[in-house]
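# Working through the structure, step by step
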Amino acid sequence: MLIDGVLGPSESGKFIVQHGNLVKINESGVTKVAEQILEAAKDGSIKEALFLSPELHPKSGDKEAVQWVFLVDTINFSFWPDEGAHYDVSWNGKSYTGYFSACAAVNKALAAGIPVLSAEWMKNVSEEEIDRIFKSDSGHSIPLLGERVKAINESGRVLLQKFDGEFYNCVVKSKRSAQTLLKLIVENFTSFRDFAEFHNQKVSLLKRAQILVADVYGALQGHDEVGDFKDISSITMFADYRVPQALAYLGALDYSKELLDQIGEGKRLENGSAAEVELRGASIAVCDEIVDKMNHLRANDARFSGVREVTAMEVDVFVWGYRRLHAADVEKKIPFHRTRCIYY
């Protein structure tokens, strides 16, 4: 259990797949993806680094880097634009979209001398200032502006009340345990409580909370042993709307006709609806199965005998990156589900 009768993400994924009927795991597809990722690990095309955009993420490996990832992951949700809008932000001569646009906006603010990493600033910042900071190049406001302001204000308030203004102190309290840090995040910061109920069981998907743990790990790796989580491999994939789409495209997930009728162009799934929870839960379960299959292949298949262990987080990064590289083809064959919420 995570907290108060809520299953942790991995247990949630298993429970959801056992009781769902809209998404199925395809075992031959699992094997195919496992082999594909092991080949990438073997030839070095999959990187150990969890930071996907080195020109945007901080490399200082210090408390400020931890505060940066905390702020960014506080607002790491729902970047896809509304119909007719566009969300892009330029930084250092390059234009970014999606999550990376938020990173660019934070870096622009820091370069302009705005103290966005200060807990005091986070606690008191107004909607007008957040709108200015995160406004897209095309003049559109960031989606869910009010929800982001609320999340930033709460994060600043809790940091000041409980962690002396620095998320680094929360990391120290975790005593090098990813699972302890995960619990500290969901216990103290309500915007990270990515929970649902499925077949009368409380489940958790925790996309943002787990990304925050992974980002802290990535930020401090090689710099500060406080972030050297001994159980980092217990973090699951990060259940969003793009990774399930790519997993279905790669053949590891099979979508039922009933599900396909509910998603696609112009259609939205409610956050917490059975279809949305099942899609995200199945993504967690299938990535755990891909990891198990990779470990089996590493132990039993001569092709992969010397290949290092690959975690569920890295499976996520690989699949997410694959989708970006093959976006046009993926879009043609498999729709992605749209859910407007603060959790992903």
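This text goes with the structure placed above it.
One structure accompanies this document, and this report is about it. Nothing here was measured: the structure is a model prediction, and the numbers come from that model.

Attention now moves to the pattern of salt bridges. As enumerated under the stated definition, the model contains 13 salt bridges in all. Among the salt bridges present, the one from Asp 301 reaches Arg 303, with a minimum N-O distance of 2.7 Å. For Arg 303, a relative accessible area of 39% gives the class partly exposed. Bridged by salt links that share partners, the residues Glu 35, Asp 301 and Arg 303 form one connected network.

With that settled, consider unusual backbone geometry. Positive phi outside glycine occurs at Ser 78, with the angle close to 50°. A positive phi angle is found at Asn 92, which is not glycine, with a value near 55°. In this fold, Asn 92 is placed in the loop between β2 (88-91) and β3 (94-97).

Take the pairing of strand β4 (residues 195-198) next. Residues in a regular strand project their side chains so that they alternate between the two faces of the sheet. Residues Ala 196 and Phe 198 line the buried face of β4, whereas the alternating positions Phe 195 and Glu 197 sit on a face that is not buried. Sheet topology note: the β4/strand β5 (residues 201-204) ladder contains four bridges and is antiparallel. Across the sheet, Ala 196 pairs through a bridge with Val 203, a residue of β5. Hairpin connection between β4 and β5: a loop of two residues separates the two successive antiparallel strands, and His 199 in this loop has a positive phi of roughly 50°.

A word on the packing of helix α2 (residues 27-43) against helix α13 (residues 274-300). Where α2 contacts α13, the axes come no closer than 9 Å and their chain directions differ by 65°. α13 is crossed by α2, and the crossing has right-handed handedness. Contacts between α2 and α13 involve Glu 27, Val 30, Thr 31, Val 33, Ala 34, Glu 35, Ile 37 and Leu 38 from the former and Val 286, Glu 289, Ile 290, Lys 293, Met 294, Leu 297 and Arg 298 from the latter. Grouping the constituent residues of the contact of α2 with α13 by class yields nine nonpolar, one polar and five charged.

Rules used throughout
Residues numbered from 1 in each chain as written. Predicted model: local features only at pLDDT ≥ 70, side-chain atom pairs only at ≥ 80, totals over all residues. Heavy atoms only, no water. Salt bridge = Lys/Arg side-chain N within 4 Å of Asp/Glu carboxyl O. Buried < 20%, exposed > 50% of the residue type's maximum accessible area, 1.4 Å probe, protein only. Helix = DSSP H or I, 4+ residues; strand = E, 2+ residues; numbered from the N terminus. Pairing = 2+ DSSP bridges. Axes fitted to C-alpha atoms, helices over the stretch in contact; angles between N-to-C directions. Left-handed = near helix turned anticlockwise from the far one by under 90°. Contact = heavy atoms within 4.5 Å. Nonpolar A, V, L, I, M, F, W, Y, C, P; charged D, E, K, R; others polar.

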